[in-house]
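# What the coordinates show
Chain by chain, the residues:
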Amino acid sequence: MMEGFLKILKKIAKNPTSLAGLLLVLFFVIVAIFAPIIAHPEYPDTPYQMPQSGWSSIPQPPSWQNPFGTSEGQYDIYYGIIWGTRTAFKIGIVVIGLALIIGLFVGTMAAYFGGWIDEVLMRITDIFLAFPFLVGVIVIITMLGPGLTHVMWALVLFYWMGYARLIRGSVLEVKENDYVMAGRALGTPGYKIITRHILPNAIFPIIIQVSMDMATIPLTAAALSFLGLGSPVGYADWGQLVSFSRNWIISSSGGNPFAYWYTITFPSLAIILYAMGWNLLGDALRDIFDPRMLV
Amino acid sequence: MSKLEKLQSEKKSGSKAKILLEVKNLKKYFPIKAGVFKRTVGWVRAVDDVSFFIRKGETLGLVGESGCGKTTTGRTILRLIEPTAGSVHYGGNDLLAMSRGKMNKYRSKLQMIFQDPYGSLDPRMRVRDIIAEGLRSAHVGNKKERYEMVEQYMEKVGLSKLYVNRFAHEFSGGQRQRVGIARALIMNPELIVCDEAVSALDVSIQAQVLNLLDDLQKEFNLTYLFIAHDLNVVKHISDRIVVMYLGKIVEIASKHELFINPLHPYTKALLSANPIPDPTIERKDRIILQGDVPSPANPPKGCRFHPRCWLAGPQCSQEEPPLIEVKPDHYVACHFWKNMEDQN
Amino acid sequence: MANENMLLQVKNLHTIFHTEDGTVEAIGGVDFEVKEGETLGIVGESGCGKSVTSLSVMRLLPKGIGEIPQGEVIYKGKNLLKLPEKEMRKIRGKEIAMIFQEPMTALNPVYTVGDQLVEMVELHLGMNKKEAYDYAIKMFEKVGIPMPEKRIYSYPHELSGGLRQRAMIAMMMSCNPSLLIADEPTTALDVTIQAQVLDLMRALLKEYNSSLIMITHDLGVIAEMAERVAVMYAGRIVEYADIIPLFKKPSHPYTVGLMRSIPRPDVEVDRLDSIKGVVPDLFHMPKGCRFNTRCPYTTDKCFEEEPPLFEVEPGHFSRCWRYAEMEELSKHWESGE
């Protein structure tokens, strides 16, 4: 087993892009885990609240106290990025996890049983797909009221269909394999055939999609925060930091137009690197989960 | 005792082994669906009124070309595909009339070996779990006991037990097929349906697996239904042979009788088309059939072989010949079997 | 060897593949000849290099992966390996044509079979559209496709396996090639259809006086079609002989094993002989003779040095140290199960 694991690492190490992806994601995981040490919260009860060092609306450049500078409203950008990593993971894992569970259930049922079950489930999927994604999400958030939890619910509601379709296709393909027939010939009951043979083989082709979505979903959440629909003011969230920099991207008061560069650069960089890491990791993940790579 | 001797001694004493499984009027039609509403516009008659039996301890070969329904027959008998009509009698019960739950109790007695040594083993399972799957489903023993049995059966099929933790892709084609055999054998079956079990293998490996099947048959007193398109393989391993064409049985006979005295024109053409690996044999009387096999969705009226048959008369396009026993243990479905016999 | 009717000579052909895990030799030192109007069979199991040999002759190896470091392929006096790609393109299809195992993948699914044939004769024979279509119908008729004037408008998927292979043959014969290479042309077909296709190929070869290289794993097909045979194992030709001596007096243990391991319609045996073990993989070839892991007749020398091709009799070659004793040795075969 250990030997196989080393072989996988070797394969990944051979491919510089997936190695870069792996390292980037690992970096963010470490940042998220050690956030309380890297950026010590002043009020441990509300660690996600970014500390403010004043009320002035003019951002302050990087200094010893605020390594990445402060944003509009004097929020510490460094603190926001570190704790924002946790927010990004939280949104990604919750939204994709729930969407995946719904997608798995709908897709597997539709493909395995076929017939009218397939028809009904896929038509429901089509109805959800008919809504433009962002518009649908915004409508739901407006109905529920802003807030991170509501954003996540709204995203789940309009995100599972892609998985349902992918999994349905994948299950349809896997179902035709002789080992599924062999399982039936051995008297294995239907639900065990699904859990033992079909799902493990059907789910891995979509791992790449999941990895890509780990990048996309926090971006979408960031966009919603930017529009003011996401987290409450002061909540550590990359989208909100970008939103704070909206008026400072190009300085309006004459002089150096990029005087407030830090307000946009650091949060954007975090978002870009995070998204890139997951995107590059996709291929590597598929390899990691494929036993055929163990040869 | 060799197979040949066994057969001869049976013939002399006139005693026949008892019938293990009897298939009667088996039919499997697949619907052809079309249009927005998936209306059924026709039926593919993959297996159309097929009856035969298998004696205990024998190997019954089932040959035919692609689309003749041989695989569907095998799968329908084991109810891996639900039949359209017919019955399969086994141990005093009709397998096709049973509830699914009851059928599952019989599954261990009726096992299957699949054609594709790549597709028939789950790529994400270790070999020990693949072989133990049936035991686990039947709740036999605990995990430790099952793994002990797995090791025992791996040695029986000629696989080192050192390989228990390997994945299927780490084996060669022949070894995978041995895994498939162990998986069936561990259930202690009476009948094994071998569906093209050696067709995907290279010839030198094919011989190894055929010999293994032969050894296991003797050791475990197994009965085989051996489905294949390769006449030479079927002839080698079978005692009796069933020939199918377009969803119907055209002939059943012992292998010697069938090869020496084929009474159906299709059987004769099939034998004649079979290449012999000997360049010194000149085959002057070779029969080369014209045209293709018609579609089972729209089979010819009357005898299904008549559009390609050189003996066909007006009767053949009107009336479907029944499968009749023309001699002891030799069944044929042809209006002109007597002419065939004279020719032979 | 300036033989008058020599069509193709392959000399010391080596093909290597650059893979992710390193470079491997797929075939090493392959020699054979094809005379005008003659059929050469290349027989062997999967991975023996028989398909690689044909792709090397056609120079159709995957670019950047397959490479021919040494050897010569002399066709009508020209070394094909030295020809510029533009010249080579004129040879493919017109001079040397190739038939594949699965015509479904060799035919383009979005064009009708007629269009594909027409395109080829327009390119190589310089006919105009009208002439080309008439010619296509004639060719379809010749290969025994019923209703040719309708069938040329069929797409590949609309034809049965047998008809597709016939259409493929029509296409390949349309430019009257001197050499046809057929890679397992009947393996995907049923036996009655196989008999039809082999029959057709024989008739066409005779009519056009074309040569054929028939690549197959099936000794039965070889026995029916070939005049000379090269038996390949693990990237080497292990035996090379005329068809009758090969079957009468196989002089390499692999050939002996192969012939003993197949069930035959004309001989009844209680138990088949088999060749023990499996083909070694290209990365782990044994030292000495490549068959030594599976051979029942090995001596110490077989593990030390790879045997050259010995001439058993005039025109009959074997790559075995013990070729001279083979007739005696082959009376006993150890399956080693």
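Note that the structure is predicted; figures quoted are calculated from it, not measured.

## Side note on the overall build of chain A
A count of helices and strands for chain A gives 13 helices and 0 strands. When the elements of chain A are put in sequence order from the N terminus, they spell out α-α-α-α-α-α-α-α-α-α-α-α-α. If one aligns the C-alpha atoms of chain A with their principal axes, the spans along those axes are about 75 × 50 × 35 Å. Taking all 295 residues of chain A together, 50% fall into the buried category. For chain A, restricting intrachain contacts to residue pairs at least 6 apart in sequence, the fraction spanning at least 24 positions comes to 72%. On chain A, roughly 14,300 Å² of surface is accessible, and the fraction owed to carbon and sulfur atoms is 71%. Of the charged side chains in chain A, 16 are positive and 16 negative, and the gap between their average positions amounts to 9 Å.

## Remarks on the overall build of chain C
From N to C terminus, chain C includes 13 helices and 13 strands. Taking 2.2 N^0.38 as the reference for a compact globule, 337 residues should give roughly 20 Å; the C-alpha atoms of chain C span a radius of gyration of 21 Å, in line with that estimate. Dimensions of chain C, computed from the C-alpha atoms along their principal axes, are close to 70 × 50 × 45 Å. Relative to its 337 residues, chain C shows a buried fraction of 56%. The averaged location of the 49 negative side-chain charges in chain C is 4 Å from the averaged location of its 38 positive side-chain charges.

## Some words on the interface of chain B and chain C
A common way to report how large an interface is uses the accessible area buried once the components associate. Listed per partner, the contact involves 41 residues of chain B and 42 residues of chain C. Buried area between chain B and chain C, both sides added, is near 3,700 Å², and the carbon and sulfur share of it is 55%. Area buried by chain B at its contact with chain C is led by Val203(B), Pro277(B) and Pro279(B), which between them contribute 17% of it. Linking chain B with chain C are 5 salt bridges, by the criterion used here. The partner of Glu224(C) in a salt bridge is Arg286(B), with the nearest N and O atoms 3.0 Å apart. Summed over the shared surface of chain B and chain C, the number is 18 residue pairs in polar contact (both at pLDDT 80 or more). For the side of chain B that touches chain C, the secondary-structure elements that each account for two or more residues are α7 (203-220), α8 (231-237), α9 (255-260) and α10 (265-273) of chain B. Here the side of chain B that touches chain C gets 10 residues from one element, more than from any other, and that element is α7(B).

## Remarks on the domain arrangement of chain C
All names here are of chain C. As far as domains go, chain C holds domain 1 (6-226) and domain 2 (234-332). Here domain 1 and domain 2 have C-alpha centroids that lie 28 Å from each other. Contacts between the two partners involve 21 residues from domain 1 and, on the opposite side, 16 residues from domain 2. Contact between domain 1 and domain 2 buries roughly 1,500 Å² in total, counting both sides, with carbon and sulfur atoms accounting for 62%. Where domain 1 packs against domain 2, one counts 2 salt bridges.

## Things to note about the sheet that holds strand β1 (residues 19-34) of chain B
All names here are of chain B. Pairing is antiparallel in the open sheet, where 4 strands are placed in the order β2-β1-β4-β5. The sheet terminates laterally at β2 (39-55) and β5 (93-94), the two strands that pair on one side only. With 5 bridges connecting them, β1 and strand β4 (residues 85-90) associate as antiparallel partners. Bridging across to β4, Leu21 finds its partner in Tyr90. Seen against the sheet, helix α2 (residues 70-77) touches β1, β2 and β4 and runs at an angle of roughly 115 degrees to β1.

## Considering the nonpolar core
Counting 82 residues, the largest nonpolar core has Trp83(A), Ile91(A), Leu155(A), Tyr163(A), Trp238(A), Tyr274(A) and Trp278(A) as the members making the most contacts within it. Here this core gets 17 residues from one element, more than from any other, and that element is helix α4 (residues 77-113) of chain A. If we ignore the near neighbours within four places in the chain, the residues touching Trp83(A) are Ala35(A), Pro36(A), Ala39(A), Pro41(A), Pro47(A), Tyr48(A) and Ala236(A). Of all hydrophobic cores here, the second largest spans 76 residues; its members include Ala197(B), Tyr224(B), Ala269(B) and Leu270(B).

## So, the side chain of His316(C)
Residues and elements named next belong to chain C. The topology assignment puts His316 in strand β13 (residues 316-318). A polar contact is formed between the side chain of His316 and the side chain of Glu239, at a distance of 2.6 Å. Ignoring sequence-local partners within four residues, the contact set of His316 consists of Glu239, Tyr240, Ala241, Pro245, Leu246, Lys249, Ser251, Phe310 and Glu311.

## A word on helix α4 (residues 127-137) of chain B
When you tally the buried positions in α4(B), you get 8 out of 11 residues, the bulk of the element. Listed in full, the buried residues belonging to α4(B) are Val127(B), Ile130(B), Ile131(B), Ala132(B), Glu133(B), Gly134(B), Leu135(B) and Ser137(B). Taken together, the buried residues of α4(B) touch α9 (178-185) and α10 (190-203) of chain A together with α5 (143-156) and α6 (173-185) of chain B. Just beyond α4(B), the residue with positive phi is His139(B), at close to 55 degrees.

## Observations concerning the sheet that holds strand β3 (residues 59-63) of chain B
Residues and elements named next belong to chain B. Spatially, β6-β7-β8-β3-β9-β10-β12-β11 is the arrangement adopted by the 8 strands of the open sheet, whose pairing is mixed. With partners counted over all chains shown, the strands left at the sheet margins are β6 (110-113) and β11 (324-327), one partner each. Strand after strand, the sheet turns through a mean of 25 degrees between neighbouring axes, direction not considered. Across 4 bridges, the pairing between β6 and strand β7 (residues 191-195) is parallel. When the bridges of β7 are listed, Gln111 appears paired with Ile192. In the packing of α2 onto the sheet, the strands contacted are β3, β6, β7, β8 (223-228) and β9 (240-245), and the crossing angle to β8 comes to about 150 degrees. Contacting β3, β6 and β8, α7 runs over the sheet at an angle of about 160 degrees to β8.

Calculation notes
- Sequence positions are assigned chain by chain, starting from 1 and proceeding in written order.
- Throughout, the order in which chains and ligands are written sets their labels, letters from A for the former and numbers from 1 for the latter.
- Owing to the predicted nature of the model, reporting of local features is limited to residues with pLDDT of at least 70; listing and counting of side-chain atom pairs is limited to 80 or more, with chain, interface and lining totals taken over all residues.
- Neither water nor hydrogens contribute to the side-chain values; these are computed over all heavy atoms in the structure.
- Helical segments are the DSSP runs of H or I of at least four residues, strand segments are the runs of E of at least two, and each set is numbered from the N terminus.
- Only protein chains enter the area calculation, which uses a 1.4 Å probe; residues under 20% of their type maximum are buried, those over 50% are exposed, and those in between are partly exposed.
- The criterion used for residue contact is that any of the two residues' heavy atoms lie within 4.5 Å.
- In these tables, accessible area is a Shrake-Rupley quantity obtained with a 1.4 Å probe, and a residue counts as shielded only by the protein chains included in the view.
- In this tally Asp and Glu are treated as negative and Lys and Arg as positive; neither His nor the chain ends contributes.
- Lys charges are placed at NZ, Arg charges at CZ, Asp charges at CG and Glu charges at CD.
- Within these notes, the globule rule equals 2.2 Å times the number of residues to the 0.38 power, and the radius of gyration is based on C-alpha atoms.
- A quick way to say it: buried area is the sum, across both parts, of accessible area lost when two parts are put together, with a 1.4 Å probe.
- We count a salt bridge whenever a side-chain nitrogen from Lys or Arg sits within 4 Å of a carboxyl oxygen from Asp or Glu.
- Here a polar contact is recorded for every N or O atom pair within 3.5 Å, except that within protein the pair must consist of a potential hydrogen donor and a potential acceptor, and residues adjacent in sequence are included only if both atoms are side-chain atoms.
- Where each domain starts and ends comes from a domain assignment, either automatic or drawn from a database.
- Two strands pair under a simple rule: DSSP has to find at least two bridges between them.
- In this analysis an axis means a line fitted to C-alpha atoms, helices contributing only their contacting stretch, and an angle means the value between N-to-C directions, from 0 to 180 degrees.
- By nonpolar core we mean a set of buried residues, namely Ala, Val, Leu, Ile, Met, Phe, Trp, Tyr and Cys, connected to one another through side-chain atoms within 4.5 Å.

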